[in-house]
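Residues per chain, in single letters:
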Amino acid sequence: MADTLAAIRSLMASHTPPLDALIVPSEDYHQSEYVSARDKRRAFVSGFTGSAGLALVTKNEALLWTDGRYFLQAEQQLSDQWKLMRMGEDPTVDLWISNNLPQDSAIGIDYWCISAETALKWKSLFAKRQQNLVATTKNLVDEVWKDQPKAEINPVHVHPLKFSGRSVSDKLKDLRDSLKKEKARGIIITTLDEVVWLFNVRGSDVSYSPVVHAFAVVTTKSAFFYVDDRKLSSEVKSYMEENNIIVKDYTDVSSDVALLASNKLTSAKETESNGTHEEEDNSHKIWVDPRCCYFLYSKLNPDQVLLQHSPLALPKSLKNSVEMEGLKNAHIRDGAAIVQFFAWLDKQMQEIYGASGYFKESESQNPKKQSDVKLTEVSVSDKLEEFRAAKEHFRGLSFPTISSVGPNGAIIHYEPVAKTCAELDPNSMYLCDSGAQYLDGTTDITRTVHFGKPSEHEKRCYTAVLKGHFALGNARFPNGTTGHSLDVLARVPLWTYGLDYRHGTGHGIGSYLNVHEGPHSISFRPGLSVPLQASMTVTDEPGYYEDGKFGIRLENVLIIKESATQFNFANKGYLEFEHITWAPYQKKLIDVSLLLPEEIKWVNSYHAKCYDILAPYLNESEKAWLNQATEPLAA
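Since the model is a prediction, treat every value here as computed from it, not as a measurement.

Chemist: Please set out the side chain of S398 residue by residue, giving values where relevant.
Modeler: When you line up the elements, S398 lands in the loop between β15 (394-397) and β16 (402-405). Exposure remark for S398: the relative accessible area of 1% places this residue in the buried category. A distance of 3.2 Å separates a polar atom in the side chain of S398 from the backbone nitrogen of A436. Here T443 takes part through its backbone oxygen, which lies 2.9 Å from a polar atom of the side chain of S398. Setting aside anything within four residues of it in sequence, one finds S398 in contact with Y208, G435, A436, Q437, T442, T443 and V515.

Following this line, the structure appears as structure tokens:
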């Protein structure tokens, strides 16, 4: 790591102009949350592997910003050459630069890897101190990363109508209607999930997300798809042609955005019919999402830019009837895999470690360990993947499984590694947050269990998390309500004890797309304040984490739907949630004395549905296990 920092500082010194600091973001050219191996530049530089964060290298310091999900992980992974900056507690990176670097400082960054919104904000702040945000001539991390993985050439697949539910032509028509409404003559689409959703294609360029490294530009008359041609089969090329989508090389997007800026980006058909390279109305603006990379944004005249959130984000989040049915079916198959996994793990923990098991409460005094077999965080998560892989339409995991024992559970986004991961412990909590990609839907579920004797404190904490999970998942609320307004519901039971958690409570879920999908969320952070709407999906996942001891999280995916309330104040219309995740909560971790009668009734009703829905997918021993796991709680 020291050699890496020295090499980067050498390039900073020899850069024109010389750089006083280099910013290394987590994001790729598309501002993705999860990136491909070759784009993990911040992880390479800092050694911190979490999905969110930003590194700053100055002439004599190295700082890493990340959010509350990753504080513990960053403390463990960063060397003593790095200083951890806690988002929400320490100054933001732009304020730190403004206050700590001298006037006239040059701060370098790859303009491909920063959003237009962030770059404009930083430029404005730095200018007050005569500091300058400078585009690096090359990506300096790439220059020193000698064994940087090569870009993969993975095939693009058509996502058929039986799964997507809407045709490309319908989506393009709606998009062009939005352009006309805003008097825009074109839009630049850089976000990977929006590109593949619009064109009904999927790929595997980023682990866990079925996306393709591609850009799109859509005008009132033409649609362009910028992608490495080697990824397209003859079938996909024909599909693109049938849908009047012009395929161009991935690298052509830069020059084409410049053409778009000067009204000269047209298809061959337009040129033939118009006899000119110019659009009919050159007064129209170009729509750019604030997340668009600053490199492409800088090709445009700011006066011609309509800088506002993409018109694709909301339609993508509103699932059509086909997507909704697919998501429900995917979660049923996924729930069966979860039950099969916990039934298997229960048996293994008893046989290998002498644990009392999922249902009984006693400490494991004399682990049998009659063989060399041992269960680790990685080996059991691999087994869970086996159960999922046997299900129809399975295409892979939707994120790295968070399989965490005891203290590791307190690392909110812990990712076990085979060489260093922990062995399962019958006397410790086990938190498993996992999900899968199926052709008909994306899943995300968390359950926390104990195979020995949980402490009264662990039970109290688990029950408080369950009560928050119940309070949010069973809320009714008027149209226009944001997730920010509802977030408190999941925290109140924890606040009663003076407890809380450092992450949001819910995120949207894609339809065979990204496991984290906006524009809405349920969070203590205000965010975009996008109101929740019927036919959105969102997770319900409160938690509690004690550093060095344990972590608890419970997560279901919910669908938002209209609610038939007795009254309808101000004719607003009301909404409610429908759970589509099916897997039992561990009854021995529930302190029933802390539950209200309606909470007991809901758990029992949910468990009864779990059995009825999942039993057809299980063998006899698995059914028997699930039957015991879903027996009613005694009031």
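From this point, the narrative continues.
Chemist: Describe the pairing of strand β26 (residues 550-553), naming the residues involved and giving the relevant values.
Modeler: What you see with β26 is no split at all: F550 and I552 on one side and G551 and R553 on the other are buried throughout. Where strand β25 (residues 543-546) and β26 come together, 4 bridges link them in antiparallel fashion. For G543, the partnering residue across the bridge sits in β26 and is R553. Hairpin connection from β25 to β26: 3 residues lie between these consecutive antiparallel strands, with G548 at a positive phi of about 80°.

Chemist: Describe the sheet that holds strand β6 (residues 132-135), with residues and values.
Modeler: Taken in spatial order, the 6 strands make up an open sheet running β4-β3-β2-β1-β5-β6, and their pairing is mixed. In the strand order of this sheet, the two ends are held by β4 (83-86) and β6, each with one partner. On average, adjacent strands in this sheet sit at an angle of 25° to one another, irrespective of strand direction. Where strand β5 (residues 106-109) lies against β6, 4 bridges are found, and the strand directions are parallel. By the bridge assignment for β6, A106 is matched with N132. Contacts from helix α1 (residues 2-14) reach β1 (21-25), β2 (54-58) and β3 (62-66) within the one sheet, and its direction differs from that of β2 by about 65°. Helix α4 (residues 93-100) contacts β1, β2, β3, β4 and β5 of the sheet and is inclined by roughly 15° relative to β2.

Analysis parameters
Residues numbered from 1 in each chain as written. Predicted model: local features only at pLDDT ≥ 70, side-chain atom pairs only at ≥ 80, totals over all residues. Heavy atoms only, no water. Helix = DSSP H or I, 4+ residues; strand = E, 2+ residues; numbered from the N terminus. Buried < 20%, exposed > 50% of the residue type's maximum accessible area, 1.4 Å probe, protein only. Polar contact = N/O pair within 3.5 Å; in protein donor to acceptor, adjacent residues only side chain to side chain. Contact = heavy atoms within 4.5 Å. Pairing = 2+ DSSP bridges. Axes fitted to C-alpha atoms, helices over the stretch in contact; angles between N-to-C directions.

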